[in-house]
Each structure stands twice: as structure tokens, then as C-alpha cells.
Amino acid sequence: MINIKLKQLLAQRAYEGDRLTIVELAERTGISRTTLQRIANTPGYKTTTDHLDRLCNALECDLHELVEYVPNTKVN
């Protein structure tokens, strides 16, 4: 599963003194607040590469800081 770490990145920025709300991020990226909430709060949420590009640009981060691969665990 691909996990988007938007919530963690926003929390880290807030801890470092650079607080950014979902509303402000929506204004910077042009991505709707609702979509950003889903990206931040829904594990495995499917989004577009365009959204990932906009988020990396707005957050000034690399893709690997925003996205992580979590292997699926299958029980037979």
C-alpha cells in the first residue's frame, strides 16, 4: 500500500514553528479542502500524480518525504 504522510508533514511543520492549515494548503495548491482532508486522513487514499506534485511544491519537500510504501500483509 502507498501511504501519503500529509498529516505527519503538517504536524512536523507546526512543531518547527511553520504552521500550515488545510485551508491554507488548499489555497496554495488549488486542491480542494475536502480532497486534502481525504488524502491526510484516509490510509491508502488514491490520488493523482498531479496532486502529489502540487503538494511537494507547496510543502517544499521531496516525494519520498510525502509518500511511503507499506508492504501488504496477506493472511492465507
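Residues numbered from 1 in each chain as written. Predicted model: local features only at pLDDT ≥ 70, side-chain atom pairs only at ≥ 80, totals over all residues. Heavy atoms only, no water.

This part covers the overall build of the protein chain. For the protein chain, the helix and strand inventory stands at five helices and two strands. When its helices and strands are written in sequence order, the protein chain yields β-α-α-α-α-α-β. For the protein chain, the spread of C-alpha atoms along the principal axes amounts to about 45 × 25 × 20 Å. A buried classification covers 33% of the 76 residues belonging to the protein chain. By sequence separation, contacts in the protein chain at least 24 residues apart represent 60% of the contacts at least 6 residues apart. Accessible surface for the protein chain amounts to roughly 5,400 Å². Of this, 48% is attributable to carbon and sulfur atoms. When the 10 basic and 10 acidic side-chain charges of the protein chain are each reduced to a single mean position, those positions are 10 Å apart. (Helix = DSSP H or I, 4+ residues; strand = E, 2+ residues; numbered from the N terminus. Buried < 20%, exposed > 50% of the residue type's maximum accessible area, 1.4 Å probe, protein only. Contact = heavy atoms within 4.5 Å. Areas by Shrake-Rupley, 256 points an atom, 1.4 Å probe, with all protein chains shown as cover. Lys, Arg positive; Asp, Glu negative; His and termini not counted. Charge placed at Lys NZ, Arg CZ, Asp CG, Glu CD.)

With that settled, consider helix α1 (residues 6-15). Within α1, burial applies to L6, L9, L10 and R13. For α1, the angular spread of buried residues about the axis comes to 95°, placing them on one side. Immediately beyond the C-terminal end of α1, within one or two residues, lies G17, with a positive phi of roughly 95°. (Arc of directions from axis to C-beta.)

Mapped onto the elements of the fold, R13 is located in helix α1. Its relative accessible area of 15% is what places R13 among the buried residues. Within the local environment of R13, its side chain forms a polar contact with the backbone oxygen of L59, the two atoms lying 3.1 Å apart. (Polar contact = N/O pair within 3.5 Å; in protein donor to acceptor, adjacent residues only side chain to side chain.)

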